Amino acid sequence: MFKEERSGYRFQWKDLGDIEKGRPNLGPNTSVSVYRLMQYTLRDVLITRYGVEAANEVLVEAGKLAGSEFCRNLLDMSLDFSGFVAQLQERLKLLNIGVLRIEKADVDSLDFVMTVSEDLDCSGLPLVEETVCDYDEGFIAGILNTYTGKDFDVKEIDCWATGDRTCRFTARLKV
Amino acid sequence: MTTSVIDSVTDSLRQLTHGRVPEPVEKPSGDEPENMSLLVDALNTLTKSYSDAQGFLMALSEGCLDVDPPPKNYLVSHFKHLHSHLKHLTWQTQQVAKGDLNQNVDFLGDFSVAFNAMIQSLREKRLIESALEKSHQDLLAANAKIMESIEYAGSIQSGMIPEPQKLNAILDSYFVIFQPRDVIGGDMYWLEGTPEEFSFAVMDCTGHGVSGAFMTIVAATCLKRAEQEKGFRDPGALLKKVNRLMRQTLVRESRSRLYDDGMDMGICYVNRNERLAIYSGAHISLFVFPGNPAVKEIKGDNHSLGYRSSNPDYHFNNHVITLEGITDLYMTTDGLIDQIGSDKKLPFGKRRLKRFIQNNHGQPADIRRQALIKDFELHTGIENRRDDVTVFAVSV
């Protein structure tokens, strides 16, 4: 189920398992450090094995898959855009992923600018003068793709790691 | 040389601390120690960061949020955070302006408290508006049902007034103005007899609208019974009988109530062959032209019909009128005479009615009817109608 060879993605939300049943004492939550421990060690190995560009692509792609499943399973896609955004903000806050805020939203041209504060991936990282939230880029793109049925390019333009207090993303229709 | 570099650096730092952007310091020559070159590089980076920050901060201070913050500039990172918050608040406010109340502002201190309180108030207001709208729709639906019922009652009331065929069969020249203030009303008119001799009447019951219409049903029933018993040739006797019948009906029905209902009525009997008319009224007058004076008002008795205070044995006076030439006989309820006009806030009045009767004598009935309606509407203007209006005019 998890380890067979494949030519396309097979992940589904149910693959996360019955956490309540499996962790009756420890519960569904863990610490941010543990999450980052996995992401940054994985990134380290990916870069070492396949190079920076390929590693970034893998993280973005994984984020997209996660965003898409997140959208299908935790969000109501029948809501209008403002209702959808309000619900997304609420879910991201509830799950301690980050504080999503919309700065600009052109629903006609599907052109968005948004920020994520207290981001799970990067807030508190040392300054490295480069954006690091590749997984978030994919995550946001996956949500928007699934909600609108259209492909999006999501770019992180500010990041905690570049010295900013909040991560800022632009999302535009893929040309 | 080292002293010169230090002086330049010192001067630049002084300018920076005073909010000015200094010129970049020239890099020292190779003879200088390496740390001097690093110092100048660091100062020039600081100067550039400060210069980039200035434009952004100035725009931000003026409320211009469309400006792009300088990238990778640590001097403004907190201001970029503020800029981001303000942009978000602006978007949220725009959403609210569009009617979207799904939004909430999280973790922005006093902004969050104020904004979320405003959103909550607007949500409550929307709920109240929604409840009001529902009440309004319920009222409209209830009103539609009531109106439907009233209009149906109006058709029933119309069935109680004489049909045009009957009027045309008995009367040569006549007109009727029958205008309930609402769809239905407390006025009614009546006609019985033959082309040679007939009686016509108008009546004005207590109230108007639905209550008045109910009263007209009682009145019409009593009048019919009275006419069957007494015939139509003695108006005074008819009024007396109607008075008794109405008292019997209304006093019995309203024994346990505080209400006291009744009506005013005028009945005029006409005999063409004998060229005479007999009039008897209960608070309603007959206007006769030609008469003496020109338009003669024969007042009804000062006694209404059907009230608790109405004496059941009261005998209503019959007034005999000799008909000379073509005589116009007018009866009207007080809805015409008492209607206040919008101009001088005075009632339409008997004097105006008499003038109309005299001035329009000899005109075809339809013309007189239209003229009287026009006079009445001109007089009323924008003033609200006060009562039902009925005018029954017969020329013999």
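Here the structure is a predicted model, which is why all the values come from computation and not from measurement.

K.L.:
Even after reading the chapter, I still don't get the overall build of chain B, so can you show me in this structure?
P.N.:
Per the secondary structure count, chain B includes 10 helices and 10 strands. Expressed as a percentage of the 396 residues in chain B, the buried residues total 44%. Across chain B, every contact between residues at least 6 apart in sequence was considered, and the portion connecting residues at least 24 apart equals 65%. For chain B, the computed accessible surface area is about 21,300 Å², with 54% contributed by carbon and sulfur atoms.

K.L.:
Whenever I open this one, the sheet that holds strand β2 (residues 111-117) of chain A confuses me. Can you help?
P.N.:
Paired through their backbone hydrogen bonds, the strands of a sheet run either parallel or antiparallel. Residue and element names in this part refer to chain A. In space, the 4 strands of this open sheet follow the order β1-β2-β4-β3, with antiparallel pairing throughout. In this open sheet, the two edge strands, each paired with only one partner strand, are β1 (99-106) and β3 (152-158). If you compare each strand with its neighbour and ignore which way they point, the axes differ by 20° on average. In the sheet, β3 pairs with strand β4 (residues 166-173) via 6 bridges, with the strands oriented antiparallel. Of the residues in β4, the one forming a bridge with D158 is R168. Along the sheet face, helix α4 (residues 81-94) touches β1 and β2 and points at about 160° away from the line of β1. Its contacts with the sheet place helix α5 (residues 134-148) against β2, β3 and β4, and it is angled at close to 145° to β3.

K.L.:
Honestly, unusual backbone geometry in this entry has me stumped. Any pointers?
P.N.:
All names here are of chain B. The omega angle of the peptide bond from F289 to P290 is 0°, so this bond is cis rather than trans. For P290, the position within the fold is in the loop between β6 (286-289) and β7 (296-298). Residue F107 is not a glycine yet carries a positive backbone phi of 55°. With respect to the helices and strands, F107 occurs in the loop between α3 (77-97) and α4 (109-158). A relative accessible area of 53% places F107 in the exposed class. Unusually for a residue other than glycine, R275 sits at a positive phi of about 50°. If you trace the backbone, R275 turns up in the loop between β4 (263-271) and β5 (276-282). A relative accessible area of 28% places R275 in the partly exposed class.

K.L.:
Help me understand the interface of chain B and chain A in this model?
P.N.:
Interfaces are often described in size by the accessible area the parts lose on coming together. Of the residues lining the interface, 22 residues belong to chain B; the matching set on chain A comes to 24 residues. When the two sides are added together, the surface that chain B and chain A hide from each other amounts to roughly 2,000 Å², 51% of it contributed by carbon and sulfur. Applying the counting rule to chain B against chain A returns 3 salt bridges. Linking B:K80 and A:D158 is a salt bridge whose minimum nitrogen-to-oxygen distance equals 2.9 Å. Summed over the shared surface of chain B and chain A, the result is 11 residue pairs in polar contact (both at pLDDT 80 or more). The class makeup of the residues in the side of chain B that touches chain A is 5 nonpolar, 12 polar and 5 charged.

K.L.:
Would you mind showing me how to read the pairing of β1(A) here?
P.N.:
Successive side chains on a regular strand alternate, one facing one side of the sheet and the next facing the other. Inspection of the sheet shows β1(A) paired to β2(A) by 7 bridges, in the antiparallel sense. Residue pairing for β2(A): A:I102 is matched across the bridge by A:M114.

K.L.:
Explain α5(A) to me, please; I cannot follow it from the model alone.
P.N.:
Since the α-helix packs 3.6 residues into each turn, any two residues three or four apart lie on the same face. Residues and elements named next belong to chain A. The end-to-end C-alpha distance of α5, which contains 15 residues, comes to 21 Å, matching closely the 21 Å that a straight helix rising 1.5 Å per residue would cover. Most of α5 sits out of view: 13 of its 15 residues are buried. Phi for G149, located one or two positions after α5, is positive at around 80°.

Thresholds, definitions, all that
Residues numbered from 1 in each chain as written. Chains lettered and ligands numbered in written order. Predicted model: local features only at pLDDT ≥ 70, side-chain atom pairs only at ≥ 80, totals over all residues. Heavy atoms only, no water. Helix = DSSP H or I, 4+ residues; strand = E, 2+ residues; numbered from the N terminus. Buried < 20%, exposed > 50% of the residue type's maximum accessible area, 1.4 Å probe, protein only. Contact = heavy atoms within 4.5 Å. Areas by Shrake-Rupley, 256 points an atom, 1.4 Å probe, with all protein chains shown as cover. Pairing = 2+ DSSP bridges. Axes fitted to C-alpha atoms, helices over the stretch in contact; angles between N-to-C directions. Buried area = accessible area lost by both parts, 1.4 Å probe. Salt bridge = Lys/Arg side-chain N within 4 Å of Asp/Glu carboxyl O. Polar contact = N/O pair within 3.5 Å; in protein donor to acceptor, adjacent residues only side chain to side chain. Nonpolar A, V, L, I, M, F, W, Y, C, P; charged D, E, K, R; others polar. Expected span 1.5 Å × (residues − 1).

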